[in-house]
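If you want the building blocks of each chain, they are given just below.
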Amino acid sequence: GRLDDTGSINLDEVRIDEHDFTMIDKIIVIGCGTASYAGLVAQYAIEHWVRIPVEVELAHEFRYRDPILTPRTLVVAISQSGETMDTLMALRHAREQGSKVLAICNTQGASIPREADAVLYTHAGPEVAVASTKAFVAQITATYVLGLYLAQLKGTVFRDEIRQTLDSLKAMPAKIQWVLDTQPDRVQRAAEQLQDAQSFLFLGRHVGYPVALEGALKLKEIAYTFTEGFAAGELKHGPIALVDEGEPVVFIVPPARGRNTLHAKAISGIEEVKARGAYIIAVAEENDKDVERYADMIFWRPECPTLMSPLVDIVPLQLFAMDMARQKGYDVDKPRNLAKSVTVE
Ligand code: M6R
């Protein structure tokens, strides 16, 4: 609905004029929990397409560090509920400092979109379960549409390339469906084997890093398993000390077709933990022979461009958290101690 007849992106819910958009020289994305991880994915894509700095900040930290905000800074507030108090307070701070705020929100008419200068609704439908799932995928998609729109306005990407990227984006629902149709048995088997594990490590590089953080968050939230997500490059700077015989380690492996160095480094990280006896779950592209050699379990992703991979890669990890929680007899929709929307600071 955001593409016009000529294939150009048109954000008609945005009340910031094109001139102001063109002048933007920095983006700060704010959010909490899952929304902040969607922001981290967006950072890679938007910097790549728009060639301006993108910072991502937890909303509750934002105003206390006195961030540098100018009228040329665009603050993007991501919130499924639109009522998260930390994000709302950060939004108010940004506007007081003269920056424009664009909200990416799933809930029509909530406080955050009401107070923002512009809003891009994710239209994902009501998200009932406490653990955010479809909102994450929809938030990433919305930030990509925003990034491509800015690239179109600023002329930082050729129009035909923008169209190709939008075509890749449009192909993603079918790829997610493929995962839902073909991978649940593997995911279930992994959950059965690992239900008694005391802890998990989730590792990723580039856009796989925020996916690792989000996958880890799902497992903490609904299966109550102590889980940490790390950037895979950090492994040798500390976390590898945690790896012992049988420790489950989940790796998000980028496609070898992308930046091959990233793939090679992911494989070398897998080798390192495998040598210490870890149980490896990999999320990897179909037919990745290197991964087949080392992983104990693989959740396959169909071929897709690197920047699109988070949209598929999170799905088996969401299923994995659900299966782990069910194995343990927990209510996957209403985990203990958590509220769907955190309306206090
Ligand atoms: O409604 P919001 O997107 O602002 O909520 C932000 C976080 O509270 C939320 O994503 C939380 O981390 C979820 N429980 C994650 O599953």
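Residues numbered from 1 in each chain as written. Predicted model: local features only at pLDDT ≥ 70, side-chain atom pairs only at ≥ 80, totals over all residues. Heavy atoms only, no water.

Undergrad: What is the right way to look at the overall build of the protein chain in this model?
TA: Per the secondary structure count, the protein chain includes twelve helices and ten strands. In summary, the protein chain has a C-alpha radius of gyration of 20 Å against a globular reference of 20 Å for 345 residues, a match within 12%. C-alpha extents for the protein chain along the principal axes are approximately 55 × 45 × 40 Å. Counting over 345 residues, the protein chain shows a buried share of 56%. Nonlocal contacts in the protein chain, meaning residues at least 24 apart in sequence, comprise 74% of its contacts between residues at least 6 apart. Surface accessibility of the protein chain: about 14,800 Å² in total, with carbon and sulfur atoms responsible for 49%. Between the mean site of the 36 positive side-chain charges and the mean site of the 47 negative ones, the protein chain shows a separation of 1 Å. (Helix = DSSP H or I, 4+ residues; strand = E, 2+ residues; numbered from the N terminus. Rg over C-alpha atoms; globule rule 2.2 N^0.38 Å. Buried < 20%, exposed > 50% of the residue type's maximum accessible area, 1.4 Å probe, protein only. Contact = heavy atoms within 4.5 Å. Areas by Shrake-Rupley, 256 points an atom, 1.4 Å probe, with all protein chains shown as cover. Lys, Arg positive; Asp, Glu negative; His and termini not counted. Charge placed at Lys NZ, Arg CZ, Asp CG, Glu CD.)

Undergrad: Can you help me understand the site of the ligand in this one?
TA: As a matter of local geometry, the ligand sits amid 14 residues, with S79, Q80, S81, T84 and E221 nearest to it. The backbone of S132 places a nitrogen or oxygen atom 2.7 Å from an oxygen atom of the ligand. Contact with the protein chains covers 91% of the free accessible surface of the ligand, which is 410 Å². Elements represented by at least two residues in the shell around the ligand include exactly α2 (33-50) and α9 (208-223). (Near = heavy atom within 4 Å. Polar contact = N/O pair within 3.5 Å; in protein donor to acceptor, adjacent residues only side chain to side chain.)

Undergrad: Mind showing me how you'd approach the packing of aromatic side chains here?
TA: A complete count under the given rule lists six aromatic pairs for this structure. Ring geometry for F200 against F202: centres 6.4 Å apart, planes inclined by 55°, an arrangement best described as tilted. As far as burial versus exposure is concerned, F200 and F202 are alike and both buried. Taken together through their ring pairs, the aromatic side chains of F200, F202, F299 and F320 make up a single cluster. Sitting over the face of the ring of Y224, R336 holds its NZ or CZ atom 3.9 Å from the ring centroid. (Phe/Tyr/Trp six-rings, centres within 6.5 Å; stacked < 30°, edge-to-face > 60°. Lys NZ or Arg CZ within 6 Å of the ring centre and 35° of its normal.)

Undergrad: Any chance you could explain helix α7 (residues 159-182) here in plain terms?
TA: Every α-helix carries 3.6 residues per turn, so stepping three or four residues along brings you back to the same face. Taking 1.5 Å per residue as the helical rise, α7 with its 24 residues ought to reach 34 Å, and the 35 Å between its terminal C-alpha atoms agrees with that figure. Where α7 bends most, at M172, the angle is about 35°, and the proline P173 comes one to four residues later. Along α7, the positions that sit buried rather than exposed are I162, T165, L166, S168, L169, M172, I176 and V179. Looking at the buried positions of α7, the neighbouring elements they touch are α2, α6 (134-154), α8 (184-194), β10 (297-301) and α12 (309-327). (Expected span 1.5 Å × (residues − 1). Bend = angle between axes of the 7 residues up to and from the residue.)

Undergrad: I tried to follow the domain arrangement of the protein chain on my own but got confused; where do I start?
TA: In many analyses, interface size is given as the accessible surface area lost on bringing the parts together. You can read the domains of the protein chain as domain 1 (18-157) and domain 2 (177-327). For domain 1 versus domain 2, the distance between C-alpha centres works out to 27 Å. For the pair domain 1 and domain 2, the summed buried surface comes to about 1,500 Å²; carbon and sulfur atoms form 75% of the total. Scanning the region where domain 1 abuts domain 2 turns up zero salt bridges. Viewed at the interface, domain 2 and domain 1 are joined by six residue pairs in polar contact (both at pLDDT 80 or more). Mapped onto the side of domain 1 that touches domain 2, the elements with two or more residues apiece are α2 and α6. A per-element tally of the side of domain 1 that touches domain 2 places α2 first, with nine residues. Residues belonging to the side of domain 1 that touches domain 2 are distributed by class as follows: eleven nonpolar, six polar and no charged. (Domains from an automatic or database assignment. Buried area = accessible area lost by both parts, 1.4 Å probe. Salt bridge = Lys/Arg side-chain N within 4 Å of Asp/Glu carboxyl O. Nonpolar A, V, L, I, M, F, W, Y, C, P; charged D, E, K, R; others polar.)

Undergrad: Looking at this model, I keep getting lost on the pairing of strand β4 (residues 100-105). Mind explaining?
TA: Counting buried residues in β4 gives five out of six residues, a clear majority hidden from the surface. Two elements, strand β3 (residues 73-79) and β4, share six bridges in a ladder whose sense is parallel. Across the sheet, residue I78 finds its bridge partner in β4, namely I104. On the question of chirality, the crossover connecting β3 to the parallel β4 by way of helix α4 (residues 85-96) is right-handed. Looking at chain direction, β4 and strand β5 (residues 118-121) are connected through four bridges and run parallel. Pairing of A103 across the sheet is with V119, part of β5. (Pairing = 2+ DSSP bridges. Right-handed = clockwise from strand over helix to strand, strands pointing away.)

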